[in-house]
Amino acid sequence: MVRVQTVAPDSIADELGLTPGFELISVNGSEIEDFLDWEFHTAEGQLIVEARSPAGDRLQYDIERPEGVALGIELEPPHIRRCANRCDFCFVDGLPDGLRQSLYIRDDDYRLSFRYGNFATLTNLKPKDERRILEYRLSPLYVSVHATDAVVRRRLLRNPRAPAIVPQLAHFAEGGIRFHTQIVLQPGLNDGVVLEQSVADLYELGEAVLSVSVVPVGLTEYSKSHLVREPTHLECRAAVQLIEDFSQRAVRERGRHWVYGSDDLFLVAGLSLPEPAAYDDFEQVENGVGSVRFLQQCVRAAHAGLTALSGRRIGILTGSAMSRLMPQVCMALHTATGGDFEVIEIENDLFGPSVTSAGLLPGNAFMAALRAHSSLDLALLPAEAVNEAGHFLDGMVLDDLVQRSPVPVHLSYDFADVLTPQVLS
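Attention here is on the structure that accompanies the text. In this text, all values refer to a predicted model and were calculated from it rather than measured experimentally.

### Comments concerning the sheet that holds strand S9 (residues 209-216)
Move 1: Strand order in the open sheet made by the four strands is S7-S8-S9-S10, with parallel pairing throughout. Both outer strands of the open sheet, strand S7 (141-144) and strand S10 (259-261), are each paired with one neighbouring strand and no more. Between one strand axis and the next, the sheet turns through 20 degrees on average, direction left out of account.
Move 2: Bridging between strand S8 (residues 179-185) and S9 involves seven bridges; their strand directions are parallel. Bridge pairing links Leu 185 to Pro 216 in S9.
Move 3: Along the sheet, helix H7 (residues 192-204) makes contact with S8, S9 and S10, crossing S8 at roughly 180 degrees.

Structure follows, in structure tokens:
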């Protein structure tokens, strides 16, 4: 069932009298089950839309829509496809009690993979889903592969019914679907020769696999540490060497590095990050791959448009992972603005010190750090630490933090989005 959530004023839908709560039944005779059906079937200019009003009346609308004009309808959020896997390193299993309820949803939804870049395993697809992916050309998809060996992958996913991933990807590739893939490195299971085989198998799929990222597994104090552990310094070094060897081959044969290690992988390995060119187009920056180099690029590109901050102290609040890498970004920021940038490392008191990602820091931890650094002229917080409603993981509301902070606060994705005269005026 698909319902209207909002209707834009003065839009086609508004003129027709559609309002929030209307159920959308079909378009041009095709049943509407979710937002994919709606977007696919309303791409035409001539539409016959069947709907049911909140009062239960079934109505039909004959619509002639000019090219490029939106109908003005926003749908209610879809029901999330739940995960059928039980990975030992599952993020949900590593959560403490008392957080936002939405965090405890085990999602594994190919539709959200296409729409938002969420990684999905594709283990819960039905034949109808496979047909829709091909018919609607849902490309690229973001796929958690972890291992191409079917036995190893089923062990990693704790799912004996997980289909073999290589034939599955090959089937979609024949239909023109492309993929960004990831391998979460779990030592003793999918590293070493298994990792080497996985990367080789994905490479053999040709141009369909756009990228591969290798990310070390991250655990919290609540994770199943008796079943899984984080990779050691030497294990990460071995993975980096494998990645670099294979990326050199990819550059020779395809002109792209293609396979990348996350910043965390290099950090644990104790190795310097690759130069920006090694990340090609930064396809997986939101997966922590090339984050530091990407930030440096953003600052340099926006150099002329950044505001002068000479004599001002700006605090960058972040987790322990980025705090060790952020000084490289601070140099570019100082050059561009003249400001004095101070990295403030925050330990995660919600998940434990082993969780080093800035995006997983709770609001209370930020609040404590702000109070301890009240002499700053400005504080920058990672924008990924809050959801669309402005809530931190522990439920603190951003507006409350801003009002209670002794320091002016801004959320930032890449610094260039905040350090401008328009924002800081």
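The discussion continues.
### Structural notes on the nonpolar core
Move 1: In terms of nonpolar packing, the biggest core is built from 89 residues, with Trp 38, Leu 169, Phe 179, Leu 202, Trp 258, Phe 415 and Leu 419 touching the most fellow members.
Move 2: If one sorts the elements of this core by residue count, helix H8 (residues 233-254) sits on top with seven residues.
Move 3: Setting aside residues up to four positions removed in sequence, Trp 38 forms contacts with Leu 24, Val 27, Ile 32, Val 49, Leu 71, Ile 73 and Leu 75.
Move 4: In terms of nonpolar packing, the next biggest core, distinct from the first, is built from 20 residues, Leu 370, Ala 385, Leu 398 and Val 409 among them.

### Section: a negative patch on the surface
Move 1: Residues Glu 221, Glu 345, Glu 347 and Asp 349 make up a contiguous surface patch of negative charge.
Move 2: Summarising the element assignment, Glu 345 is placed in strand S12 (residues 340-345).

### Overview of helix H5 (residues 150-157)
An α-helical segment advances 3.6 residues per turn. Residues three or four places apart therefore align on the same side.
Move 1: Those residues of H5 not exposed but buried are Val 152, Arg 153, Leu 156 and Leu 157. Buried residues of H5 fall within an arc of 125 degrees about the axis and therefore sit on the same side.
Move 2: Those residues of H5 hidden inside the fold are in contact with S7, helix H6 (165-174) and H7.
Move 3: For H5, the capping residue at the N-terminal end is Asp 149, with a side-chain oxygen 3.0 Å from the backbone nitrogen of Val 151.
Move 4: Arg 158 lies just past H5 and shows a positive phi near 55 degrees.

### A closer look at the pattern of salt bridges
Move 1: As enumerated under the stated definition, the model contains 18 salt bridges in all.
Move 2: With a closest N to O distance of 2.6 Å, Asp 34 and Arg 132 form a salt bridge. Of this pair, Asp 34 sits in the loop between strand S3 (30-31) and helix H2 (35-41) while Arg 132 sits in helix H4 (residues 127-135), placing them 98 residues apart in sequence. Of the two residues, Asp 34 and Arg 132, neither departs from the other in class, the shared state being buried.
Move 3: A salt bridge links Arg 115 to Glu 39; the nearest nitrogen and oxygen atoms lie 2.2 Å apart. With Arg 115 in helix H3 (residues 110-116) and Glu 39 in helix H2, this residue pair connects regions lying 76 residues apart in the sequence.
Move 4: Since its relative accessible area comes to 39%, Glu 39 is described here as partly exposed.
Move 5: When salt bridges that share partners are traced, they join Asp 34, Asp 37, Asp 109, Arg 111 and Arg 132 into one network.

### Things to note about the pairing of strand S13 (residues 378-382)
Move 1: For S13, a buried count of five out of five residues is recorded, marking the element as mostly surrounded by other parts of the structure.
Move 2: Side chains Leu 378, Leu 380 and Pro 382 project from S13 onto one buried face, and the interleaved Ala 379 and Leu 381 project onto a second face that is buried too.
Move 3: Pairing of strand S11 (residues 313-318) with S13, which is carried by three bridges, proceeds in the parallel orientation. Each residue of the ladder has a partner; that of Ile 314, found in S13, is Leu 378.
Move 4: Strand direction decides the pairing type here: S13 and strand S14 (residues 409-412), joined by four bridges, are parallel. Within S14, the position partnered with Pro 382 by the bridge is Ser 412.
Move 5: For the crossover from S13 across helix H14 (residues 398-404) to S14, the handedness is right-handed.

The rules behind the values
Residues numbered from 1 in each chain as written. Predicted model: local features only at pLDDT ≥ 70, side-chain atom pairs only at ≥ 80, totals over all residues. Heavy atoms only, no water. Pairing = 2+ DSSP bridges. Helix = DSSP H or I, 4+ residues; strand = E, 2+ residues; numbered from the N terminus. Axes fitted to C-alpha atoms, helices over the stretch in contact; angles between N-to-C directions. Contact = heavy atoms within 4.5 Å. Core = buried A, V, L, I, M, F, W, Y, C linked by side-chain atoms within 4.5 Å. Buried < 20%, exposed > 50% of the residue type's maximum accessible area, 1.4 Å probe, protein only. Patch = residues over 30% accessible without salt bridge, like charges linked within 9 Å, V, L, I, M, F, W, Y side chains within 5 Å. Areas by Shrake-Rupley, 256 points an atom, 1.4 Å probe, with all protein chains shown as cover. Salt bridge = Lys/Arg side-chain N within 4 Å of Asp/Glu carboxyl O. Lys, Arg positive; Asp, Glu negative; His and termini not counted. Charge placed at Lys NZ, Arg CZ, Asp CG, Glu CD. Arc of directions from axis to C-beta. Polar contact = N/O pair within 3.5 Å; in protein donor to acceptor, adjacent residues only side chain to side chain. Right-handed = clockwise from strand over helix to strand, strands pointing away.

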